[in-house]
Amino acid sequence: MTVTAAAISSRTTRLLIAGAALVVVVAGVKAANDIVAPVMFALALTIVFYPLRARLERRMPSWVASVIVLLAAIVLLLAMSLAIVVSIGRMAQLIPTYASDLDDLVADIGGGLTSMGVGSEQSDAMVDAASADQLTAVATSIFASVLALLSSLFFLVTLLVFLAFDSATVSRLASGAREHRPDMVDALTSFAHGTRSYLGVSAVFGLIVAVIDTGLLFVLGVPGAFIWGVLAFVTNFIPNIGFVIGIIPPALIGLLEGGPSMMLSVIVLYSLVNLVIQSFIQPRYVGDAVGLSTSLTFLSLVFWTWILGPVGALLAVPMSLLFRAVLVEADPGGGWRLPLISGQPGETQDEPTVA
């Protein structure tokens, strides 16, 4: 079957080819998620620490700046690993003490559903899904996935070593590439700027939220306050639904420990803290640098969680920014498809590099 040149150049054909290529790329990323996730994590850390490197290079040799940035990233990794290991250990001690209470609560809920007319098979299925073992597995899934990523410390550190020292040549490479592919360089610069803004601000405000939530839970007498504080920090990186994930375990423990009044106190105080910080204060610092609407952010969360597993929820925004940079921003005629992004390369020239 002969395909004419006109058919190949048609818009429909090009869209089909592009769609097929995108499916192949997505399938490849999903198949290699064990490699892609740590690579993106290491790249994100390198991007976050790059401004520190740029300042250090003005005062000391490049290799010294690379070593300092590498050590800072390793210290951050070790601190996160230690906090998550301690949290998982404390959770493993805490949850079994409430297993019987949780089973009784779930049984009461199942009985209430049956009395309301829900079939016994449906109510039994819901009870089984909400058993102590199932809820424990759900509560530890985020911790376990992040710990699995951080446990590959040798791989991560090796990547960080290469990226930390290679970043010394990024400015020179970007300057050379700008002469031939200025749109691609600007797109990658936008990706780096958005990733740094999102991760940096999320980390700072996640720490603030974690400290406040831990203090409130300690005052209320909710067991495992440190665990839920670490969970609040981790879930602050999950867009849209992170707050909901972070509030469920302490609210449930509050219900088992102190009854409905303690659970209600946890929900109200958590909601006040997170509503003020995450909905009003944090967006002012992030601004429009990310440039993703709420709908696109939520779809990114669902998509990258499916591709990379639970770790994909943490890397959803950086991965979406990377794909947007390569597929949309790098297209010279694709600017009309983008929202106005503060700090975009076309508006400021403060960041001439891609990292």
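Residues numbered from 1 in each chain as written. Predicted model: local features only at pLDDT ≥ 70, side-chain atom pairs only at ≥ 80, totals over all residues. Heavy atoms only, no water.

## Some words on a nonpolar patch on the surface
And step 1. Taken together, Ile241, Val244, Ile248, Leu296, Phe298, Leu299 and Val302 make up a surface patch of nonpolar side chains, about 610 Å² in accessible area.
And step 2. Those elements that provide at least two residues to the nonpolar patch are helix H12 (242-258) and helix H14 (294-308).
And step 3. Looking at the nonpolar patch element by element, the count peaks at four residues for H14.
And step 4. With respect to the secondary-structure elements, Val244 resides in helix H12. (Patch = residues over 30% accessible without salt bridge, like charges linked within 9 Å, V, L, I, M, F, W, Y side chains within 5 Å. Areas by Shrake-Rupley, 256 points an atom, 1.4 Å probe, with all protein chains shown as cover. Salt bridge = Lys/Arg side-chain N within 4 Å of Asp/Glu carboxyl O. Helix = DSSP H or I, 4+ residues; strand = E, 2+ residues; numbered from the N terminus.)

## Some remarks on the nonpolar core
And step 1. Counting residues in each nonpolar core, the largest one holds 46 residues, and the members touching the most others are Leu160, Trp304, Leu308 and Met319.
And step 2. The contacts of Trp304, once residues within four sequence positions are left out, are Val29, Gly309, Gly312, Ala316, Met319, Ser320 and Phe323.
And step 3. Leu94, Ala225, Trp228 and Tyr270 belong to the second-largest nonpolar core, a separate cluster that totals 13 residues. (Core = buried A, V, L, I, M, F, W, Y, C linked by side-chain atoms within 4.5 Å. Buried < 20%, exposed > 50% of the residue type's maximum accessible area, 1.4 Å probe, protein only. Contact = heavy atoms within 4.5 Å.)

## What about the packing of aromatic side chains?
And step 1. What the rule picks out here adds up to four aromatic pairs.
And step 2. Between the aromatic rings of Phe233 and Phe237, the centroid separation amounts to 5.5 Å while the plane-to-plane angle is 80 degrees, which identifies the pairing as edge-to-face.
And step 3. Taking 6.1 Å as the distance between ring centres and 55 degrees as the angle between the ring planes, the aromatic pair formed by Phe303 and Trp306 counts as tilted. Of this pair, Phe303 and Trp306 are both found in helix H14, three residues apart, which corresponds to roughly one turn of the helix.
And step 4. For Phe303, a relative accessible area of 30% corresponds to the partly exposed category. (Phe/Tyr/Trp six-rings, centres within 6.5 Å; stacked < 30°, edge-to-face > 60°.)

## As for the confidence of the model for the protein chain
And step 1. For the protein chain, mean pLDDT is 74; residues scoring 70 or higher make up 69% of the total.
And step 2. In the model, residues 342-355 has pLDDT below 50 throughout and makes 34 contacts with residues more than four positions away in sequence or in other chains. (pLDDT = per-residue confidence, 0-100.)

## Regarding the environment of Pro51
And step 1. Looking at the element boundaries, Pro51 is found in helix H3 (residues 33-57).
And step 2. Distance in space between the C-alpha atoms of Pro51 and Arg196 is 9.4 Å, their sequence separation being 145 residues.

## Here we look at the packing of H3 against helix H10 (residues 182-220)
In helix packing, the relevant descriptors are the interaxial angle and the interaxial distance, both defined with respect to the helix axes.
And step 1. Taken N-terminus to C-terminus, the directions of H3 and H10 make an angle of 90 degrees; their axes are 9 Å apart at the nearest point. Regarding the angle of H3 to H10, the classification is roughly perpendicular. Packed against H3, whose contacting residues are Leu43, Ala44, Ile47, Val48, Tyr50 and Pro51, the element H10 presents Phe191, Ala192, Thr195, Arg196 and Leu199 at the interface.
And step 2. Across the contact of H3 with H10, the residue classes break down as nine nonpolar, one polar and one charged. (Axes fitted to C-alpha atoms, helices over the stretch in contact; angles between N-to-C directions. Parallel < 35°, antiparallel > 145°, perpendicular 65-115°, else oblique. Nonpolar A, V, L, I, M, F, W, Y, C, P; charged D, E, K, R; others polar.)

## Thoughts on the environment of Ser300
And step 1. Relative to the assigned elements, Ser300 resides in helix H14.
And step 2. As for Ser300 and Met319, which are separated by 19 residues in sequence, their C-alpha atoms are 8.4 Å apart.
And step 3. Residue contacts for Ser300: discarding those within four places in its chain leaves Ala316 and Ser320.
And step 4. A polar contact of 2.8 Å, which involves the side chain of Ser300, links it to the side chain of Ser320. (Polar contact = N/O pair within 3.5 Å; in protein donor to acceptor, adjacent residues only side chain to side chain.)

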